[in-house]
Amino acid sequence: MNSKVELLAPAGDVNRGKIALNFGADAIYFGGKQYSLRARASNFDFSQLHEMITYTHQHNKKIYLVTNIICHENLLNGFDRFIQEVNKTPPDAFLCADPAIIRKIQKFVPNAVIHVSTQQSITNSKAALFWARNGAKRIVTAREVSLHEIEMMIKNVHDAIEIEMFVHGAVCISYSGQCMLSANMCLRDANRGGCAQSCRWVSELLKDNTSLSKTFSMSAKDMCLIKYLDSIVKAKVSSLKIEGRMKSEHYIATVTNAYRKVLDHGYNQEYIDDVLKAANREVSVGWFNGQPTKDEMLYHEVPKTVSQLFAMIIDKKINDTTYKVTSKNYFALTNTFQVLAKNLPHAEIINLKSVKTLDGLSIHIVNTPMSKLVIELDKPLDLQPMDMLRIFN
């Protein structure tokens, strides 16, 4: 498969940004403490922002700053200072939704690369060309477009602007995220970064305190297009976007690694199964094949347990069988483990010969997260920092 297409992964904080890059992302996107729609993600203060940009560029990859808030009048006042501070270590592009924000960025960063957010609900080539005429290099399509519509859009823009599309992650119940449920139900405005995910709450239809329905949610299933990457690449999409700035480092590693491996090596059921095991919600293809049906909805959502238990992360290689690690969850010496490693084409199954503290004390059960340990594998493997071990059984 032609893997020249960009694989774009989320970075909720510095560590998750490094994880995404380590497991094969060509670029990452991240938000500051202000002007980003994922207010409840950890996000980056200015020092972390500069650290993440510098680290990414040192690894010859790209980084995009999310400034996609719908900006009310009172929020404009602080943006000049914000963008001037950001510009001390500029990102490769700014992801924007509000024309006022775009104009201010263009004022303070004359050569700024602008990517237009999915919040603009771009579903046709004329809209894409409008943004091209106004200085944008790329648009992120609305999630509510099919592959056929994207193919027609790319054909009709004649290379005037790049097309980025979501391939994995949450799908908002409202059009491209322009939802007011959260604002009306709990005074948290989704379009200013405060979404409470009200559509996922369990609801019940009542009349005169009498139930007229079973409990239900109004949420859509998550999107997963890993099986369709060949068609997307053939359509000449510029960038494949994974959603999830609030997801865990294990989730980011698993999903990014699987999409990277499919792009580089072609389809393998192992990679597809890996993604599905990491998901904590049911998945579908969303609008990919056209108008969704009831099968793409979660009317009666059943909680889905993640079937992979993240046990530890590699910190340092001592030799081919011995590694310093940080524990992430409970595990025992008697467990069998699966290795998630960027340099291994397939997941290896291993056992541990020993687990020791840094002082050399042998232990058989680890029940404290973030413990620093030394492990010995039962066979040699070339593992690198940020590779992961998870319990296989």
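Quick look at the structure, then. (Residues numbered from 1 in each chain as written. Predicted model: local features only at pLDDT ≥ 70, side-chain atom pairs only at ≥ 80, totals over all residues. Heavy atoms only, no water.)

What follows concerns the sheet that holds strand E13 (residues 309-317). Pairing in this closed barrel of 6 strands is antiparallel, and the strands run E13-E14-E19-E17-E16-E20 around the ring. When the angles between neighbouring strand axes are averaged without regard to direction, this sheet yields 45°. Pairing geometry for E13 and strand E20 (residues 388-391), over 4 bridges, is antiparallel. The partner of Ile 313 across the bridge, within E20, is Met 388. Against the sheet, helix H10 (residues 249-265) engages E13, strand E16 (336-340) and E20, with an angle of about 105° to E20. (Pairing = 2+ DSSP bridges. Helix = DSSP H or I, 4+ residues; strand = E, 2+ residues; numbered from the N terminus. Axes fitted to C-alpha atoms, helices over the stretch in contact; angles between N-to-C directions. Contact = heavy atoms within 4.5 Å.)

Applying the stated criterion across every chain yields a total of 20 salt bridges. The salt bridge involving Asp 382 is made with Lys 317; its shortest N-O contact spans 2.9 Å. Placement of the pair is Asp 382 in the loop between strand E19 (372-377) and E20 and Lys 317 in strand E13, with a sequence separation of 65 residues. Look at Asp 382 and you get partly exposed, because its relative accessible area is 41%. Note on Lys 317: relative accessible area 30%, which makes it partly exposed. Overlapping salt bridges bring together Glu 6, Lys 137, Arg 138, Glu 162, Glu 164 and Lys 241 as one network. (Salt bridge = Lys/Arg side-chain N within 4 Å of Asp/Glu carboxyl O. Buried < 20%, exposed > 50% of the residue type's maximum accessible area, 1.4 Å probe, protein only.)

A few words now on the pairing of strand E11 (residues 239-242). By the alternation rule, side chains of E11 split into Ser 239 and Lys 241 and Leu 240 and Ile 242, which are all buried. In terms of strand pairing, strand E1 (residues 6-10) meets E11 through 3 bridges, oriented parallel. Note that in E11 the partner of Leu 8 across the bridge is Lys 241. In the sheet, strand E7 (residues 162-169) pairs with E11 via 4 bridges, with the strands oriented parallel. Looking at E11, one finds that Met 165 is bridged to Leu 240.

Put simply, helix H1 (residues 14-22) and helix H2 (residues 46-58) touch, their axes get as near as 10 Å, and they point 15° apart. Taken together, the axes of H1 and H2 are roughly parallel relative to one another. In this structure, the crossing between H1 and H2 has a hand that is right-handed. Contact residues: Val 14, Gly 17, Lys 18 and Leu 21 in H1; Gln 48, Glu 51, Met 52, Tyr 55 and Thr 56 in H2. Considering only residue class, the contact of H1 with H2 consists of 4 nonpolar, 3 polar and 2 charged. (Parallel < 35°, antiparallel > 145°, perpendicular 65-115°, else oblique. Left-handed = near helix turned anticlockwise from the far one by under 90°. Nonpolar A, V, L, I, M, F, W, Y, C, P; charged D, E, K, R; others polar.)

Bringing the nonpolar core into the picture now. With 93 residues, the main nonpolar core has Phe 94, Ile 105, Ile 232 and Tyr 259 as its most contacted residues. No other element matches the 8 residues that H10 contributes to this core. (Core = buried A, V, L, I, M, F, W, Y, C linked by side-chain atoms within 4.5 Å.)

On to the environment of Cys 186, then. As for its position among the elements, Cys 186 is in helix H8 (residues 181-186). Cys 186 gets classed as partly exposed once you look at its relative accessible area, which sits at 26%. Apart from the residues within four sequence positions on either side, Cys 186 is in contact with Ala 196, Ser 198 and Trp 201.

This part takes up the side chain of Thr 322. One can find Thr 322 in strand E14 (residues 322-327). Once residues lying within four places of it in the same chain are set aside, the contact partners of Thr 322 are Lys 317, Val 374, Ile 375 and Glu 376.

With that settled, the discussion passes to H10. Taking 1.5 Å per residue, 17 residues should reach 24 Å; H10 reaches 23 Å between its end C-alpha atoms and fits that length. Counted residue by residue, H10 has 15 buried out of 17 residues, so it is predominantly covered. In the segment just after H10, Gly 266 is the residue with positive phi, at about 90°. (Expected span 1.5 Å × (residues − 1).)

Now for the side chain of Asp 222. As for its placement among the helices and strands, Asp 222 is situated in strand E10 (residues 222-224). Asp 222 gets classed as buried once you look at its relative accessible area, which sits at 7%. If sequence neighbours within four positions are ignored, Asp 222 has contacts with Gly 169, Ala 170, Val 171, Arg 200, Arg 281, Glu 282, Val 283 and Ser 284.

Okay, the pairing of E7 next. Among the 8 residues of E7, 7 are classified as buried, and the element is accordingly described as predominantly covered. As paired elements, strand E6 (residues 136-140) and E7 share 3 bridges and run parallel to each other. Bridge pairing links Ile 139 to Ile 163 in E7. Inspection of the sheet shows E7 paired to E10 by 2 bridges, in the antiparallel sense. Looking at the pairing, Gly 169 lines up with Met 223 of E10.

Purely geometric stuff here, so don't read any function into it on its own.
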